[in-house]
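Listed below, chain by chain, are the residues.
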Amino acid sequence: MKSNLEHSEAAAVFNKDKQRVDWHDETLWFVREKRDKSAHQTPDWELLRETASQIKNNVLSNIHNYLVEFESNALKNGIIVHWAADGKEHNEIVHSIMEKHGVTQMVKSKSMLTEECHLNEYLTEKGIDVIDSDLGERIVQLRKEPPSHIVLPAIHLKKEDVSETFHQHLGTEKGNNDPQYLTEAARLDLRDTFLTRKVALTGVNFAIAETGEIVVCTNEGNADMGAHLADVHIACMGFEKIIPQRKHLGVFLRLLARSATGQPITTFSSHFKKPRDGKEIHIVIVDNGRTTQLGREDFRNSLKCIRCGACMNTCPVYRRSGGHSYHNAVAGPIGSILAPNLDMAKNADLPFASTLCGSCTNVCPVKIDIHDQLYKWRQVLVKEGHTPTTKTVAMNTMAAVLASPTVFNAAGKMGKFVMKNAPGLVNNSLNKWYDQREMPEVPEESFRDWYKKNSRESKGKNNE
């Protein structure tokens with residue numbers, strides 16, 4: 001779902017509720033702390049990260065061969081394999097499978113790829129009833145909102161919000177905010193869905209080239225319920241989800257849940273290799289701009305992402321601006337380096353939604369150089385003319401000032417004079433920096449002046 005607002009404007013809307021912002025910030029930092037504790041308790045954690053990174057490097061360098069190998073082995077297993085060039089083709093393939101079986105209802109587990117391709121909206125327009133079975137996804141679906149986080153889709157909501165949503169749509173007791181009660185209500189509502197839907201759709205966490213099987217990781221078991229009870233299982237994956245051999249899976253499973261939520265492993269790590277008698281498994285392998293990203297030398301490493309969400313949990317900008325401010329299926333730092341590849345003009349604001357502090361890179365389980373890519377995307381976007389004229393002029397002016405010591409010194413003295421004698425010229429609605437900040441106290445002297453003075457005094461003492 002594309003917001004009409006730029007990231008900064010959407011973040012300003014989110015920031016109007018200060019208590020919610022603080023709660024959102026603290027909750028995600030709590031998840032980040034759990035990740036750190038789990039990582040510190042895992043022997044050779046950094047070796048695991050390096051190993052996973054090198055495996056993914058190998059995959060990206062040999063992606064054609066691994067995809068051909070995966071398809072060959074999947075077909076031998078009795079799986080039907082489809083290839084989609086973009087989101088539109090992906091959606092059409094999924095719909096054609098449902099049409100073939102004369103089905104108008106689907107149960108769906110979490111899949112960020114289908115969010116990226118806007119599958120729910122497409123199928124709804126075609127008269128297909130889609131029910132998301134992941135609890136967080138179900139909550140935001142009922143509220144007609146996109147997920148705000150790739151692992152915690154409803155993290156922007158409090159239990160009171162969920163209670164009100166369930167009261168409106170599921171008929172629960174008004175004002176009952178007990179999480180156990182609300183979870184039980186969702187479970188009962190979904191049970192009939194699992195039992196009656198003939199087509200189930202899941203995402204794919206890992207696809208193993210050596211065996212032609214896929215692995216789906218969940219904590220709620222909803223993917224298993226849907227896939228095992230349905231006659232047709234459709235699994236959708238971006239082509240980067242390939243790993244070479246089954247023995248490599250252990251590396252990624254040890255990293256995934258620990259990086260995401262601090263768990264040792266996801267509750268369910270389910271393997272799907274061949275359909276049962278009378279059943280079908282379809283795998284839809286999607287490009288949708290990934291080949292373009294693969295060809296961008298500075299940005300190809302972003303395709304190593306295993307969708308753990310660790311970069312979001314640690315990012316100070318994401319935590320205080322909310323996932324919906326990124327107006328894309330994948331929010332946060334990783335989304336900010338993936339989205340411009342799909343549409344530079346539409347997503348030019350996102351690489352600037354960062355402090356470039358590097359925390360995202362530090363926690364990434366596959367060592368994606370996220371903050372470096374954010375910086376490089378800024379350079380590309382400016383060069384391609386996708387930044388606002390006001391920002392371009394401001395940056396060019398700043399560059400000219402910083403390039404000349406004389407001009408820099410004069411500008412510093414002028415700025416100090418204005419801030420001291422006419423603060424209204426700086427602290428006003430036109431200066432976004434001060435929207436939520438207090439004016440700093442004007443220093444008596446600049447660091448440059450202080451350094452010169454103390455340098456002279458030090459030299460004088462040494463000459464005595």
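These numbers were taken from a predicted model, which means no experiment stands behind them.

Visitor: Account for helix H16 (residues 332–342), naming residues and giving values.
Guide: With 10 of 11 residues buried, H16 lies mostly within the body of the structure. Residues Gly 332, Pro 333, Ile 334, Gly 335, Ser 336, Ile 337, Leu 338, Ala 339, Pro 340 and Asn 341 constitute the buried set of H16. Buried residues belonging to H16 abut helix H13 (290–294), helix H14 (310–314), helix H15 (316–321), helix H17 (359–363) and helix H18 (370–383).

Visitor: Tell me about the environment of Gly 226, residues and numbers included.
Guide: Its place among the elements puts Gly 226 in helix H11 (residues 222–229). Separated by 14 residues in the primary sequence, Gly 226 and Gly 212 place their C-alpha atoms 21 Å from one another. Discounting chain neighbours no more than four positions away, the residues touching Gly 226 are Val 107, Phe 194 and Ala 200.

Visitor: Give me the lowdown on the sheet that holds strand E9 (residues 268–272), citing residues and values where you can.
Guide: In space, the 4 strands of this open sheet follow the order E8-E5-E6-E9, with mixed pairing throughout. Of all the strands in the sheet, just strand E8 (242–243) and E9 have a single pairing partner and so form its edges. With 5 bridges joining them, strand E6 (residues 213–218) and E9 adopt antiparallel strand pairing. Within E9, the residue paired with Thr 218 across the bridge is Phe 268.

Visitor: So what's going on with the packing of aromatic side chains? Which residues, and what values?
Guide: Per the counting criterion, the structure on display carries 5 aromatic pairs. With a centroid separation of 5.6 Å and an interplanar angle of 40 degrees, the aromatic rings of Phe 206 and Phe 252 are classed as tilted. With a gap of 46 residues between them, Phe 206 in strand E5 (residues 206–208) and Phe 252 in helix H12 (residues 249–260) connect regions that are remote in the sequence. An angle of 35 degrees between the planes, with centres 5.9 Å apart, marks the rings of Tyr 318 and Tyr 326 as tilted. Of the residues examined, Tyr 318 reaches a relative accessible area of 0% and is grouped as buried. Since its relative accessible area comes to 0%, Tyr 326 is described here as buried. In textbook terms, an aromatic cluster arises when at least three aromatic residues are bridged by ring pairs, as seen for Phe 447, Trp 450 and Tyr 451. Over the aromatic face of Phe 252 sits the side chain of Lys 56, whose NZ or CZ is 5.9 Å from the ring centroid.

Visitor: Any details on the sheet that holds strand E4 (residues 199–202)? Residues and values, ideally.
Guide: Within the open sheet, the 6 strands sit side by side as E1-E10-E7-E4-E2-E3. Their pairing is parallel. The open sheet is flanked by strand E1 (80–84) and strand E3 (129–132), the only strands paired with a single partner. Taking each pair of neighbouring strands and ignoring which way they run, the sheet shows an average axis angle of 20 degrees. Bridging between E4 and strand E7 (residues 232–238) involves 4 bridges; their strand directions are parallel. Pairing of Thr 202 across the sheet is with Ala 235, part of E7. Strands in contact with helix H4 (residues 63–76) are E1, E7 and strand E10 (280–286); relative to E1, the strand with the most contacts, it is inclined by about 145 degrees.

Visitor: Now, about the side chain of Thr 172: what can you tell me, with residues and values included?
Guide: By the secondary structure assignment, Thr 172 is in the loop between helix H9 (159–170) and helix H10 (179–196). The exposure class of Thr 172 is buried, given its relative accessible area of 5%. Contacts of Thr 172, omitting those with residues within four sequence positions, involve Ser 163, Phe 166, His 167, Tyr 181 and Ala 185.

Visitor: Run through the pattern of salt bridges, naming residues and quoting values.
Guide: One side chain can pair with another of opposite charge once the charged atoms of both are near each other. In the structure shown here, the tally under the stated rule is 26 salt bridges. With a shortest N-O distance of 2.9 Å, Asp 161 and Arg 20 are connected by a salt bridge. Of this pair, Asp 161 sits in helix H9 while Arg 20 sits in helix H2 (residues 18–40); the two residues are 141 residues apart in sequence, bridging distant segments of the chain. With respect to class, Asp 161 is no different from Arg 20; both count as buried. Note that Arg 35 and Asp 36 form a salt bridge whose closest N and O atoms lie 2.8 Å from each other. For the pair Arg 35 and Asp 36, a shared accessibility class is recorded, and that class is buried. Residues joined by salt bridges that share partners form a network here, namely Lys 18, Asp 22, Asp 25, Arg 319 and Arg 320.

Visitor: I'd like a description of helix H8 (residues 135–142), backed by residues and values.
Guide: Counting buried positions over the 8 residues of H8 gives 7, a clear majority of the element. Those residues of H8 that fall on the buried side of the exposure criterion are Gly 136, Glu 137, Arg 138, Ile 139, Val 140, Gln 141 and Leu 142. Of the surrounding secondary structure, the elements contacted by the buried residues of H8 are helix H6 (112–117), helix H7 (119–125), E3, H9 and H10. For H8, the N-terminal capping position is held by Asp 134, with its side-chain oxygen 3.1 Å away from the main-chain nitrogen of Gly 136.

Visitor: With reference to specific residues and values, describe the nonpolar core.
Guide: In this structure, Phe 206, Phe 252, Met 312, Tyr 318, Ile 334, Ile 368 and Ile 370 are the most contacted members of the largest nonpolar core, which totals 52 residues. Tallying contributions element by element places H12 first for this core, with 7 residues. Aside from chain neighbours lying at most four places away, what touches Ile 334 is Ser 302, Cys 305, Cys 311, Met 312, Ile 368 and Ile 370.

Visitor: Tell me about a positive patch on the surface, and name the residues and values.
Guide: Together, Lys 413, Arg 448, Lys 452 and Arg 456 make up a region of like positive charge exposed at the surface. Considering every element that reaches the positive patch, the biggest residue donor is helix H21 (residues 447–463), with 3 residues. Of note, Arg 456 is situated in helix H21. On the basis of relative accessible area, Arg 456 is assigned to the exposed category, the value being 58%.

Visitor: Please provide a residue-by-residue account of a nonpolar patch on the surface, values included.
Guide: A surface patch of nonpolar side chains, about 260 Å² in accessible area, is lined by Leu 195, Met 225 and Leu 229. Examined against the element boundaries, Leu 195 turns out to sit in helix H10.

Visitor: Break down unusual backbone geometry for me, with residues and values.
Guide: Residue Arg 307 is not a glycine yet carries a positive backbone phi of 60 degrees. Under the relative-accessibility criterion, Arg 307 is labelled buried at 16%. Unlike most non-glycine residues, His 327 shows phi in positive territory, near 40 degrees. As for its placement among the helices and strands, His 327 is situated in the loop between H15 and H16.

Rules used throughout
- Residues numbered from 1 in each chain as written.
- Predicted model: local features only at pLDDT ≥ 70, side-chain atom pairs only at ≥ 80, totals over all residues.
- Heavy atoms only, no water.
- Buried < 20%, exposed > 50% of the residue type's maximum accessible area, 1.4 Å probe, protein only.
- Helix = DSSP H or I, 4+ residues; strand = E, 2+ residues; numbered from the N terminus.
- Contact = heavy atoms within 4.5 Å.
- Pairing = 2+ DSSP bridges.
- Phe/Tyr/Trp six-rings, centres within 6.5 Å; stacked < 30°, edge-to-face > 60°.
- Lys NZ or Arg CZ within 6 Å of the ring centre and 35° of its normal.
- Axes fitted to C-alpha atoms, helices over the stretch in contact; angles between N-to-C directions.
- Salt bridge = Lys/Arg side-chain N within 4 Å of Asp/Glu carboxyl O.
- Polar contact = N/O pair within 3.5 Å; in protein donor to acceptor, adjacent residues only side chain to side chain.
- Core = buried A, V, L, I, M, F, W, Y, C linked by side-chain atoms within 4.5 Å.
- Patch = residues over 30% accessible without salt bridge, like charges linked within 9 Å, V, L, I, M, F, W, Y side chains within 5 Å.
- Areas by Shrake-Rupley, 256 points an atom, 1.4 Å probe, with all protein chains shown as cover.
- Lys, Arg positive; Asp, Glu negative; His and termini not counted.
- Charge placed at Lys NZ, Arg CZ, Asp CG, Glu CD.

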